[in-house]
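Chains, contacts and geometry: an overview
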Amino acid sequence: MTRRASTIAALGVLLVLLAGLSMAVGRVWVPFRDWLDPADPRWAIIFELRLPRTILAMAVGAALGMSGAAMQGYTRNPLADPGALGVSSMGALGAVLTLYLGAGASAPWVIASFAMLGALVAVLLLLALSGQASSIVTFVLAGVILQTMAGAGVALALSLAPNPWAVNEIVNWLMGSLADRSLAEVRMAAPLILVGCGLLLTIGPGLDALTLGETGARSLGVNMTAVRWALAIGVALTAGASVAVTGVIGFVGLIVPHLLRPLVGARPGGLLIPSALGGAVLVLAADIAVRLTPAAAEVKLGVAMAVLGGPFFFALLLSMRRRIA
């Protein structure tokens, strides 16, 4: 068995174990023997609250992990990530606009549509700056610009919010959380995430060819226009659908590929599936951790990921600086 296959198998086993733990832990612990007893009052906790939360944690983690690996492979840039480069923030801006206008309350699909539209615009703007002449500094600056634009738009929506309910909803989207999610959110986000991940998987060979540069990839018969659009739509679907149901959860797509690359190799196409599994493991483990914190109120998942991802991002930049020097 190859190292990549062993890593995928280990991540799969770990994901199953964490999924079982996620169903059992929380403010109320429910052992496995009580899961299948509909007469037990805790049965509703398991299948109406924790099951949707567990499914969404795995789906969102897989979406963000795979999209981060795909963006890093396409741009040959180790800092590419939907959260760090403003894609998730632009998706959140789209969702926030629907909350501000009150359109998302009666039609949840509107939130998802505007979140994906915002993510698509962000990806297209990033790709426009990520050609052969684009440096890492230029790419990061483009992400900073997108973050600033999204932040300004959200701040404007907060300052002009028509009622306290809108302000509260906007703040919740910005922090990112899986609390109180239902099967309705699963039914809305899961199909979009599956389609987006499927699109990203189709560009695996193109990402491998891109290690030779765009000219080399074209000489091997890779349709770069098709790869670019598949990447843009795939990331828009995965990041947009994730933001639409959980809000902004950053750094997953940045951390996971870097942790797994030494285990599965540097081939970008071969990193997509392990990154999806690794992202699902990371988000699910973080969601379990925030539920077990002793604080009176549950820590927001997006805040927990920012606490974890900020130092990682800083260490990555220092490592790159030493290599360049």
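The present account deals with the structure reproduced in this document. (Residues numbered from 1 in each chain as written. Predicted model: local features only at pLDDT ≥ 70, side-chain atom pairs only at ≥ 80, totals over all residues. Heavy atoms only, no water.)

Re the overall build of the protein
The following threshold applies: A helix here means a DSSP run of H or I that spans at least four residues, while a strand means a run of E at least two residues long, and both kinds are numbered starting from the N terminus. In this setup the radius of gyration rests on C-alpha atoms only. A globule is expected at 2.2 Å times the number of residues raised to 0.38. For every residue, the accessible area obtained with a 1.4 Å probe (protein chains only) is divided by the maximum for its type, and the residue is called buried under 20%, exposed over 50%, and partly exposed between those limits. Every residue pair with non-hydrogen atoms within 4.5 Å of one another is taken to be in contact.
Along the protein, the regular secondary structure elements total 13 helices and 0 strands. Each helix and strand of the protein, ordered N terminal to C terminal, gives the series α-α-α-α-α-α-α-α-α-α-α-α-α. Taking 20 Å as the expected radius of gyration for a compact globule of 325 residues, we find that the protein reaches 20 Å, a close match to that expectation. Principal-axis analysis of the C-alpha atoms gives the protein an extent of 65 × 55 × 35 Å. In the protein, buried positions account for 51% of the 325 residues. Considering only intrachain contacts with a sequence separation of at least 6, the fraction spanning at least 24 residues in the protein is 78%.

Remarks on the nonpolar core
This is how the line gets drawn: Nine residue types can take part in a nonpolar core, namely buried Ala, Val, Leu, Ile, Met, Phe, Trp, Tyr and Cys, and a core is a set of them joined through side-chain atoms within 4.5 Å.
Counting 89 residues, the largest nonpolar core has Tyr74, Val87, Leu231 and Val252 as its most contacted members. In terms of nonpolar packing, the next biggest core, distinct from the first, is built from 5 residues, Ala24, Val30, Trp35 and Ile46 among them.

Brief notes about the pattern of salt bridges
Basically, it comes down to this: Just to be clear on terms, a salt bridge is a Lys or Arg side-chain nitrogen sitting within 4 Å of an Asp or Glu carboxyl oxygen.
Across all of its chains, the model carries 3 salt bridges by this definition. A salt bridge links Arg53 to Asp287; the shortest N-O distance between them is 2.9 Å. Of this pair, Arg53 sits in helix H2 (residues 43-75) while Asp287 sits in helix H12 (residues 272-291), placing them 234 residues apart in sequence. The exposure class assigned to Asp287 is buried, which follows from its relative accessible area of 0%. Linking Asp208 and Arg267 is a salt bridge whose minimum nitrogen-to-oxygen distance equals 2.9 Å. Of this pair, Asp208 sits in helix H8 (residues 204-209) while Arg267 is found in the loop between helix H11 (252-264) and H12, placing the two residues 59 residues apart along the sequence. A residue is classified by how much of its surface remains accessible, and Arg267, at 45% relative accessible area, is partly exposed.

A few points about a nonpolar patch on the surface
Condition: Patch membership requires more than 30% relative accessible area and the absence of a salt bridge. Residues of like charge join within 9 Å; the nonpolar side chains Val, Leu, Ile, Met, Phe, Trp and Tyr join within 5 Å. To be clear on the numbers: accessible area is Shrake-Rupley with a 1.4 Å probe, and residue cover counts the displayed protein chains and nothing else.
A grouping of Phe114, Leu117, Val121 and Leu125 is seen on the molecular surface, where their side chains present a nonpolar patch of about 330 Å² in accessible area. Among the structural elements, Val121 can be located in helix H4 (residues 108-128).

A word on helix H7 (residues 183-202)
Spelled out, the test is: A helix's residues, less one, multiplied by 1.5 Å, set its expected span. One axis fitted to the seven residues ending at a residue, another fitted to the seven starting there: the angle between these axes is the bend at that residue.
For H7, with 20 residues, the first-to-last C-alpha span of 29 Å sits near the 28 Å given by 1.5 Å per residue. Maximal helix bending in H7 amounts to about 25°, located at Ala189; proline Pro191 follows within four positions. Every buried residue of H7 is listed here: Val186, Met188, Ala189, Ile193, Gly196, Cys197 and Leu200.

A few points about the side chain of Thr238
Rules: In protein, a polar contact requires one atom able to donate a hydrogen and another able to accept it; more generally it is a pair of N or O atoms within 3.5 Å, and residues adjacent in sequence count only if both atoms are side-chain atoms.
Position of Thr238 relative to the elements: it lies in helix H10 (residues 224-246). A polar contact is formed between the side chain of Thr238 and the backbone oxygen of Gly234, at a distance of 2.9 Å. Once residues lying within four places of it in the same chain are set aside, the contact partners of Thr238 are Ala63, Ser67, Ile193, Gly196, Cys197 and Leu200.

Some words on the side chain of Arg50
Operational definition: This count recognises Lys and Arg as positive and Asp and Glu as negative, with His and chain-terminal groups excluded.
Locating Arg50 in the fold gives a position in helix H2. For the buried Arg50, no salt bridge exists, and the shortest N-O distance to an oppositely charged side chain is 8.8 Å, to Asp287. Beyond its immediate stretch of four places on either side in the chain, Arg50 contacts Ser22, Met23, Ala24, Val25, Gly26, Arg27, Val28, Val30, Ile45 and Arg291.

Re the packing of H7 against H10
Let me state the cut-off plainly: With axes taken as lines fitted to C-alpha atoms, and helix axes fitted only over the stretch in contact, angles between N-to-C directions fall between 0 and 180 degrees. Roughly parallel means an angle under 35 degrees; roughly antiparallel means over 145; roughly perpendicular covers 65 to 115; every other angle is labelled oblique. By definition, any crossing whose near helix is turned counterclockwise from its far helix by less than a right angle is left-handed, and any crossing with a clockwise turn is right-handed. Basically, the charged four are Asp, Glu, Lys and Arg, the nonpolar ten are Ala, Val, Leu, Ile, Met, Phe, Trp, Tyr, Cys and Pro, and anything else, Gly included, counts as polar.
At a closest axis distance of 8 Å, the pairing of H7 and H10 adopts a crossing angle of 160°. Overall, the two elements H7 and H10 adopt an arrangement that is roughly antiparallel. Once H7 is placed against H10, the crossing between them reads as left-handed. Of the residues in H10, those in contact with Glu185, Met188, Ala189, Leu192, Ile193, Val195, Gly196, Cys197, Leu199 and Leu200 of H7 are Ala230, Leu231, Ile233, Gly234, Val235, Leu237, Thr238, Ala241, Ser242, Ala244 and Val245. For the contact of H7 with H10, the class distribution of residues is 16 nonpolar, 4 polar and 1 charged.

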